[in-house]
Amino acid sequence: MTAPTDKPHLSREHMLGLLKEMIRIRRFEDKCAELYTREKIRGFLHLYDGEEAVAVGAIPVLEKRDRIVATYREHGHALVRGVPMTTVLAEMYGKQEGCSRGRGGSMHLFDRATNFYGGNAIVGGGLPMSIGLALADRMRGDDTVTACFFGEGAVAEGEFHESLNLAALWELPVLFVCENNLYAMGTALALSESETEIQRKAGCYRIASEAVDGMDVIAVEAAARRAVHAVRESRKPYFLECRTYRLRAHSMFDAQLYRDKAEVEAWRHKEPIVRFQGWLEANHMVHPEDLARIEAEVAAEIAEAVAFGEAGTWEPVEQLTRFTFAEAEG
Amino acid sequence: MPPQMTQPATTEITYRDAMREAIRDALRRDDRVFLMGEDVGRYGGCYGVSKGLLAEFGAERIRDTPLSESGFTGAGIGAAMAGMRPIVELMTVNFSLLALDQILNTAATVRHMSGNQFGVPLVIRMATGAGRQLAAQHSHSLEGWYAHIPGIKVLAPATVEDARGMLWTALQDPDPVLIFENVMLYGMTGRLAADAGPVDIASAAVRRPGRDISLITYGGSLWKTLEAAAVLAGENIDAEVIDLRSLRPLDDATIMASVARTRRAVIIDEGWRSGSLSAEIGMRIVEQVFWELDAPIGRVCSAEVPIPYARHLENAAIPQVPGIVAAAKAALGRV
């Protein structure tokens, strides 16, 4: 059922674009970690290191009109979707120029302009929302796709099962993207799930599914193209399990007592940027000057975002209770 | 004497039928509106509210759901965010606790957390209250808990007019609105104007004016309180009865004006006393019109017990007319 146009375009330009997006997320979050230690960013900060290939492989496959529901580890999703890095960082600073006016912070990035329906800090909490977004589209006959990202920890929540059942029962155009990074906070997959082949759970609800190496950005893109095409054509849900790994701690407060350093080291050799860059180099598709250019462009964008965040302003405390309810149009 | 005004034609209607008329009207007016919940379609609604609507509007708009309160409440949130105007029916407030995460953590927070980019124009209806011998897991009155939450509005229609009119107003609201329907009211009849339409959802109503004491209540307890007021009238006590109608936001102005006039207040609330809506109202009175009071504020609430099955125990657990009369007389020093 895969149309030829659904295959990744393996042009050099496309490949460099994927590499750049992954490097962009990685370097941005490295800066976030640094800003966190400098207390510019507070609260919980969940970094995406190691998982970049999922967002970078999947999100550009979506159309502008499609919708995205994300989790609290959503910086990468927001950046790839096109939420400006400036407003994302200003949000983490808590400034009113942030993409959620400083009301949401790292875990609650929202952006109406790009149909980005938010980070959600409740594990599994975004799944029912994705059902409703897709239900609205179905009832109106729109050909939109709603992509719902969640971790494998969410699979233990009742809302996961309620949502998959509703999506299949009502034939809703939802692309479920499970980012299986093997740890629900500090609890390993085998300790939290009786069935560790997450993809198989979709079958119980008669939802077509596929598992993909989430460390391989090309594999993710190819799978995402198949998945989005299937949802768009069939108007039925599709389940994509991306097998990945979180190289950093769950959050900035996590001492990682639950896993061996050796395990993390082993995964570092499989991480998506090193792997993809190495493959491009081996095939002479990327040159040192390409890498230098990418790094320079990313550094400039990050510098601009930091400057934007620093220059951002604090919302007057007099406005504290605004946006609890809609305000009359003035 | 001025000529008699022509009274608008009225019809006798049950609260249940008034609610159904409200839903039917909403479905006709706006094709973005749909009703979703457990047994709302083929069964006709757990309390018979949506009977007949499936045949009239079809299964897309009268949508039976699985027993997935959190899932379909969240689906209502998503659909509302995407431009629809869903009405979600949760069978009872007890079951709504399975959807509390979606109501509190998502519906109530999205506008604020998104910096005003997304709103959730969702209406959630549910039954509340005791009196049908359904025991503890079907009989509680938790609307006061919901009234604790910023970001949602909480309504308690007590009359057929409000049952008919509040839904449309709620559907026009850009934010989530919860409507609590007391189970004992569904079969109640009242007269409704033939042209009855939307009502305001922002203010309390003085259902019985009086000079001597303010009896403040809402929902199913309104009718017991009016009955108590009639008993008190027989003893030369002229009670004013306030129907809150909206539990969040509370209409402080109507409450305080009444208490300032009567100088005494008793709050009747089918919720439990500890940490209750009645506690909130009492405290607001103390904060705002303490110097107008001539007596301590009284409360008639449910006993601090899960609602029991046996009829005599159930009746004893929730506010009743003699208890309201006694509390009013105590506030007046007429024991």
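Basis of the calculations
Residues numbered from 1 in each chain as written. Chains lettered and ligands numbered in written order. Predicted model: local features only at pLDDT ≥ 70, side-chain atom pairs only at ≥ 80, totals over all residues. Heavy atoms only, no water. UniProt positions renumbered as here; feature names shortened; annotations may be inferred. Helix = DSSP H or I, 4+ residues; strand = E, 2+ residues; numbered from the N terminus. Rg over C-alpha atoms; globule rule 2.2 N^0.38 Å. Buried < 20%, exposed > 50% of the residue type's maximum accessible area, 1.4 Å probe, protein only. Contact = heavy atoms within 4.5 Å. Areas by Shrake-Rupley, 256 points an atom, 1.4 Å probe, with all protein chains shown as cover. Lys, Arg positive; Asp, Glu negative; His and termini not counted. Charge placed at Lys NZ, Arg CZ, Asp CG, Glu CD. Core = buried A, V, L, I, M, F, W, Y, C linked by side-chain atoms within 4.5 Å. Buried area = accessible area lost by both parts, 1.4 Å probe. Salt bridge = Lys/Arg side-chain N within 4 Å of Asp/Glu carboxyl O. Polar contact = N/O pair within 3.5 Å; in protein donor to acceptor, adjacent residues only side chain to side chain.

- In the annotation of an unreviewed UniProt entry, the entry for chain A reads Pyruvate dehydrogenase E1 component subunit alpha, and the organism field reads Bradyrhizobium sediminis.
- Its UniProt record gives chain A the following Function (unreviewed entry) comment, quoted word for word: "The pyruvate dehydrogenase complex catalyzes the overall conversion of pyruvate to acetyl-CoA and CO(2). It contains multiple copies of three enzymatic components: pyruvate dehydrogenase (E1), dihydrolipoamide acetyltransferase (E2) and lipoamide dehydrogenase (E3)."
- Under the heading Cofactor (unreviewed entry), UniProt records this for chain A: "thiamine diphosphate".

### Notes on the overall build of chain B
Here is step 1: In terms of helices and strands, chain B carries 13 helices and 14 strands.
Here is step 2: Relative to its length of 335 residues, chain B is compact, with a C-alpha radius of gyration of 20 Å against a globular reference of 20 Å.
Here is step 3: Each of the three principal axes of chain B carries a C-alpha extent, and together these read 60 × 50 × 45 Å.
Here is step 4: Counting across all 335 residues of chain B, residues that qualify as buried make up 62%.
Here is step 5: By sequence separation, contacts in chain B at least 24 residues apart represent 82% of the contacts at least 6 residues apart.
Here is step 6: Total accessible area on chain B is roughly 12,800 Å²; 56% of this is exposed by carbon and sulfur atoms.
Here is step 7: On chain B, the mean spot of the 32 positive side-chain charges and the mean spot of the 38 negative ones are 2 Å from each other.

### What about the overall build of chain A?
Here is step 1: Along the backbone of chain A there are 12 helices and seven strands.
Here is step 2: Overall, the C-alpha framework of chain A stretches about 55 × 50 × 40 Å when taken along its three principal axes.
Here is step 3: Taken over 330 residues, chain A has a buried fraction of 56%.
Here is step 4: The contacts in chain A between residues at least 6 apart in sequence include a share of 76% that link residues at least 24 apart.
Here is step 5: Counting only carbon and sulfur atoms, one obtains 53% of the accessible surface of chain A, whose full area is about 13,500 Å².
Here is step 6: Positive and negative charge centroids in chain A, built from 39 and 51 side chains respectively, lie 1 Å apart.

### Quick word on the UniProt feature "domain: Dehydrogenase E1 component" (unreviewed entry) in chain A
Here is step 1: As annotated in UniProt, the feature "domain: Dehydrogenase E1 component" (unreviewed entry) corresponds to residues 21-310 of chain A in the numbering used here.
Here is step 2: Between the end C-alpha atoms of residues 21-310 of chain A the distance is 24 Å, and the span holds 47% helix and 11% strand.

### Some remarks on the nonpolar core
Here is step 1: Residues F150, F176 and F239 of chain A together with I216 and I285 of chain B are the most contacted members of the largest nonpolar core, which totals 78 residues.
Here is step 2: Y36, V145, V212 and V298 of chain A belong to the second largest nonpolar core, which has 67 residues in total.

### Focus on the interface of chain B and chain A
Here is step 1: Facing the 39 residues of chain B at the interface are 37 residues of chain A.
Here is step 2: Across the chain B/chain A interface, buried area totals approximately 3,200 Å², and carbon plus sulfur atoms make up 64% of it.
Here is step 3: At the boundary of chain B with chain A, the tally comes to one salt bridge.
Here is step 4: A salt bridge links E60 of chain B to R138 of chain A; the shortest N-O distance between them is 2.7 Å.
Here is step 5: Taken together, the links from chain B to chain A amount to 17 residue pairs in polar contact (both at pLDDT 80 or more).
Here is step 6: Those elements giving two or more residues to the side of chain B that touches chain A turn out to be β2 (33-37), β3 (62-64), α3 (69-81), α5 (100-107) and α6 (110-113) of chain B.

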